[in-house]
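What follows is the residue order along each chain.
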Amino acid sequence: MSTGNEVMHDGVMSTGEDARIFPDVEACIDCGGCVVSCKRTWDVPRDEQRISIATMLEGQEAASGLNASSGQAIGQGESPGETAVPMQCYHCSNAPCVSVCPTDSLISKENGFVRVRDDLCIGCQYCLSACPFGAPQFPSEDEGVANLVGSGGNMDKCTMCEERQDVGKGPACAEECATDAILVGTPAQISDELDNRDSGTFFNDVAMDIIFGEDASEFQ
């Protein structure tokens, strides 16, 4: 794992083994910088993307006094209003995509990264159905039809820039985020940073358990 001297942005607290990636939705301004940095770093074609910004409750105001406090609003059972959420592969501890893959193309590595082995992917798209965050992409799919033998082409998704992390750099999206809305570090570091910012997690308990597994307790 790298030290703090090797990172560029405040959102990148540590990298490498045991590092996770998670959004601070209250910091996201929907600028699209993360999408651009990912495409530029990995030569992702213009009509494909490994990270996107989902706009929840577009055009709606939050409950009184809770604008720009999405996590707090949800914690109080109130509407968070319009919220921009960076959506990508979060390299979940309890990754549904891994558990449903019939060919073991998707694996959870010992260092915490969830990787796809292209040579084993049959394009069945089970992972797409299982992932609650829409991370699996099928850029070569045949009109979206998945037959028994597969017609979706190879699955593609965010790799959390594992190759960059191997040399002490943070994921491109996090290092270039203008507002440090994409957090990278251990679950404890991410939780502490959200607390320091007085930001909530936005996701419900089920999603947090999928993403962080036993470490979801760090956010309680």
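The structure presented is a predicted model; accordingly, all values stated were derived computationally and were not measured.

## Some thoughts on the nonpolar core
- Core analysis: the biggest nonpolar cluster contains 53 residues, and Phe22, Tyr90, Phe133, Phe203 and Ile211 have the highest contact counts within it.
- Looking at this core, the elements that each hand over two or more residues are strand E1 (20-23), helix H1 (33-42), strand E3 (83-87), helix H6 (172-175), strand E6 (182-185), helix H7 (187-197) and helix H8 (205-212).
- Both domains that meet at this core, namely domain 1 (1-88 + 160-219) and domain 2 (92-157), each give it at least three residues.
- For Tyr90, the residues in contact, after removing those within four places along its chain, are Arg20, Ile21, Pro23, Val85, Phe133, Phe203 and Ile211.

## Focus on the domain arrangement of the protein chain
- According to the domain assignment, the protein chain consists of domain 1 (1-88 + 160-219) and domain 2 (92-157).
- With centres defined by C-alpha atoms, the gap from domain 1 to domain 2 works out at 22 Å.
- Listed per partner, the contact involves 20 residues of domain 1 and 17 residues of domain 2.
- Taking both sides of the interface into account, the surface hidden between domain 1 and domain 2 amounts to around 1500 Å²; carbon and sulfur atoms contribute 54%.
- Interface area lost by domain 1 to domain 2 is led by Arg50, Glu162 and Ile210, which between them contribute 39%.
- Along the contact surface separating domain 1 from domain 2 lie 4 salt bridges.
- A salt bridge links Arg115 to Glu162; the shortest N-O distance between them is 2.8 Å.
- Taken together, the links from domain 1 to domain 2 amount to 11 residue pairs in polar contact (both at pLDDT 80 or more).

## Let's talk about the pairing of E1
- Side-chain alternation along E1 places Arg20 and Phe22 on one buried face and Ile21 and Pro23 on a second face that is also buried.
- Sheet analysis places E1 next to E6, joined by 4 bridges and oriented antiparallel. Looking at E6, one finds that Pro23 is bridged to Ile182.

## Examining a negative patch on the surface
- A contiguous patch of negative charge, built from Glu17, Asp18, Glu110, Asp192, Asp195, Asp198, Glu214, Asp215 and Glu218, is present on the exposed surface.
- Residue position: Glu214 is located in the segment after H8.
- For Glu214, a relative accessible area of 77% corresponds to the exposed category.

## Considering unusual backbone geometry
- Positioned with a positive phi, Asp18 is a non-glycine residue whose angle comes to about 75 degrees.
- Looking at the secondary structure, you find Asp18 in the segment before E1.
- Given a relative accessible area of 44%, Asp18 falls into the partly exposed group.
- Of note in this structure, Met160 is not a glycine but carries a positive phi near 60 degrees.
- On the secondary structure map, Met160 appears in the loop between helix H4 (126-130) and helix H5 (162-166).

## Quick look at the pattern of salt bridges
- Applying the stated rule across the entire model yields 8 salt bridges.
- Put simply, Glu176 and Arg40 hold a salt bridge, and the shortest N to O gap is 2.4 Å. Of this pair, Glu176 sits in the loop between H6 and E6 while Arg40 sits in helix H1, and the two are 136 residues apart along the sequence.
- Residue Glu176 is classed as partly exposed on the basis of its relative accessible area of 39%.
- The partly exposed category is assigned to Arg40, whose relative accessible area is 48%.

Scoring rules and cut-offs
Per-chain numbering applies: the sequence of each chain, read as written, is numbered from 1 onward. Only residues with pLDDT of at least 70 are given local features in this predicted model, and only at 80 or more are side-chain atom pairs given and counted; all residues enter the totals for whole chains, interfaces and linings. Only hydrogens and water are set aside when side-chain values are computed; all heavy atoms of the structure are taken into account. Put simply, buried Ala, Val, Leu, Ile, Met, Phe, Trp, Tyr and Cys residues joined by side-chain atoms within 4.5 Å make one nonpolar core. Buried residues are those whose accessible area, probed at 1.4 Å on protein chains only, stays under 20% of the maximum for their type, while exposed residues exceed 50% and partly exposed ones sit between those limits. Each helix is a run of H or I in the DSSP string that is no shorter than four residues. Each strand is a run of E no shorter than two, and both are numbered from the N terminus. Marked domain ranges trace back to an automatic or database domain assignment. Any two residues whose heavy atoms approach within 4.5 Å at even a single point are treated as in contact. Buried area is a sum: the accessible area each of two parts loses on coming together, probed at 1.4 Å, counted once for each and added. Salt bridge, as used here: a side-chain nitrogen of Lys or Arg that lies within 4 Å of a carboxyl oxygen of Asp or Glu. Under this definition, polar contacts are N or O atom pairs within 3.5 Å; protein pairs additionally need one hydrogen-donor-capable and one acceptor-capable atom, and for neighbouring residues in sequence, both atoms have to be side-chain atoms. In this description, strands pair whenever DSSP reports at least two bridges between them. Two distance rules govern patches: like charges are joined within 9 Å, and nonpolar side chains (Val, Leu, Ile, Met, Phe, Trp, Tyr) within 5 Å, applied only to residues with over 30% relative accessible area and no salt bridge. We get accessible surface area from the Shrake-Rupley algorithm with a probe of 1.4 Å; when it comes to residues, only the shown protein chains can shield them. Positive charges are assigned to Lys and Arg, negative charges to Asp and Glu, while His and the chain termini are left out of the count. Taken as the charge location is NZ of Lys, CZ of Arg, CG of Asp or CD of Glu.

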